[in-house]
Amino acid sequence: ISSVILKYRKRICSEYQYVTEYNSLPGEYVLLSERYTQPLILQTHRDQQERQEELRSSGEDFQQVLSSKNSHEFSYLNSLFNPGDHRISPSAVILQGNSGHGKTLTVQKIMMDWANGDLYKDQFDIVFHLKCKEINCISGKKSLVEILSYSCSLTSDEISQILQQSPEKVLFIIDGFDELKLTQDVYHMSPNSDPLQKAPPEVTLCALLRGRILRESFLLVTSRSTATDTLGKLLKGPQRFTEIMGFSELGVEEYFQKFFQDEELFRKAYDCVRANETLITACSIPVICWIICTTFKERFKDGAGVTSGLETTTSIYVDFVSTLLEYHCQGLSQSIPTLLKSLGKLAERGMLEKQVLFDEESVNETVSDPAGSPFLCKFLFKRRIRQETMFSFMHLSFQEFFAALYYVLMEEGEESERKVRELFMELDKYHPRLYPPDFAAVVQFAFGLLNKDVIRTLRKKHGLVVHPNTQAHLKKWILEELQSGYPVADRTKFWLHCLYELHEVEFVKEAIEARTIDASDTGLTRIDCWALLYCSQCCQSIHKLDLTHSALTCETLSMILPALLRFNHLT
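Residues numbered from 1 in each chain as written. Predicted model: local features only at pLDDT ≥ 70, side-chain atom pairs only at ≥ 80, totals over all residues. Heavy atoms only, no water.

Within an unreviewed UniProt entry, the label attached to the chain reads NACHT domain-containing protein, and the organism entered is Cirrhinus mrigala. Of the chain, the UniProt comment under Subcellular location (unreviewed entry) reads exactly: "Cytoplasm". (UniProt positions renumbered as here; feature names shortened; annotations may be inferred.)

A. Geometry of the confidence of the model for the chain. For the chain, mean pLDDT is 85; residues scoring 70 or higher make up 89% of the total. Scored below 50 in pLDDT, residues 431-435 shows nine contacts in the model against residues more than four places distant or in partner chains. (pLDDT = per-residue confidence, 0-100. Contact = heavy atoms within 4.5 Å.)

B. Here's a closer look at the state of the cysteines. In this structure the tally under the stated criterion is zero disulfides. Among the cysteines around Cys283, which has no disulfide bond, Cys289 carries the closest sulfur, lying 3.9 Å off. Taking the relative accessible area as the measure of exposure, Cys283 reaches 0% and is therefore buried. Looking at the unpaired Cys498, the closest cysteine sulfur is the one in Cys535, lying at 9.8 Å. When its relative accessible area of 0% is taken as the criterion, Cys498 is described as buried. (Disulfide = S-S within 2.5 Å. Buried < 20%, exposed > 50% of the residue type's maximum accessible area, 1.4 Å probe, protein only.)

C. Layout of the sheet that holds strand β3 (residues 40-42). In spatial order, the strands read β4-β3-β9-β5-β8-β7-β6; together these seven strands make up an open sheet with mixed pairing. Two strands in the sheet have a free side with no partner beyond their single neighbour: β4 (74-75) and β6 (126-131). With five bridges joining them, strand β5 (residues 92-96) and strand β8 (residues 218-223) adopt parallel strand pairing. What sits directly across from Ala92, in β8, is Leu219. Of the strands in this sheet, β6 and β7 (170-175) are in contact with helix α6 (residues 144-151), which crosses β6 at around 85°. (Pairing = 2+ DSSP bridges. Helix = DSSP H or I, 4+ residues; strand = E, 2+ residues; numbered from the N terminus. Axes fitted to C-alpha atoms, helices over the stretch in contact; angles between N-to-C directions.)

This is the structure:
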């Protein structure tokens, strides 16, 4: 058996050292070591207040929320099965994480480190990896031994010998419980206690989860939050709950370094993202990091200068939504346009009512099968003597994005116009000196969704159409706003960001060429400078730029230097 396990370890090392990415062509791969970065893993449930703080915070505030956790609340891969409270070691660990947060890559890292002898060396003689997506494809009745033989290089006889010899030294990793198609057989079939006994694959797997089969073995089960309550009821005890929070800012930096393998490119890309509060917060989600790094790599390859800034924030969010719909959204019970519009409706309601957490009843009224959506997170909170289920988007910025999507994707032109007018009314409630208002990000995303490349992506990939009347209405509004001549710098910065997200040269030229850009009495950040630089470079000449008391640094001044020659007057 030792020689069989050694051979199995070598096979795991060979297979698991590579990662196939979403855009990999046949035969393309990258090393796991060039992509995997340790995410933050929290081993405690958060209360409602903590959840709201995490969802609403961004940039440095978001990092402060993460760093406010006590160190003992975090877990590492080598301590998942260590004794916890009351000195009890868990026999089953739940590793919860939202779509794109790196659950599967973390499992791959565990398998690789175990096979190399770097993890669980004295704890587990063998680690089996079962993917629920693959188990769904197995037909007929199968025993646990047969299911394992499908997923690894060992024969049924070899697996039987290993399980019989030392079941207490076996770890089963079950990846993607939320994808498992559970039938009523799981609850009604007679208990299955023999690794060789045959039953429908999902019934056999649930017998393992419950501890009916190989009670002495250990389990690590990954799942999205929408299925964790079901998993918790099925899983044997004692259990430990852990959750992948994503990357800290140091984790984001490490990921960028590994991705680029070039100090100059890494520094350019990371500094660019760090300057954008929305994107650096979204980068806590590993798949967002991958999308941004991949986009940057293409830009560097094409010779594009980093001074032109990143792709628009909207385009990154559209790529993220497309990635989740394509790879994390199997077996949808409704069409993609219907799903996105229902999510948009829920997001708009949250924005109007200043909510980031939604009760189960209101979510079910708006979104059919919320558990099947990769964009919603599900939480259980203690409410006196009972539990309460709540939902949220991954972060407030995603709620803002879906609200914008809802405004611009109305099928009826008149309805769309009415919604856009309501959006402007929300903005007009704010005094000019209180900019940016709550809905500023929604409006910026709305302009980003009017970008021609984004419109093409939405139509081609998901059959979504932005009504021409909506485009005309939004453009008319910003032209009227610019003509109104509000002498307030924060409002000017807001308009510049809207135009930057739109990324349409001719319209930007029409909007600002004869205007005064007032950036006085405000701190110009790097992302503000990118917006100013882009808009000015769309024009041959612009009337005036006011930079009085704009708190320019050497760095931000150097960024906008190429733009200054475009202005006829400079204060």
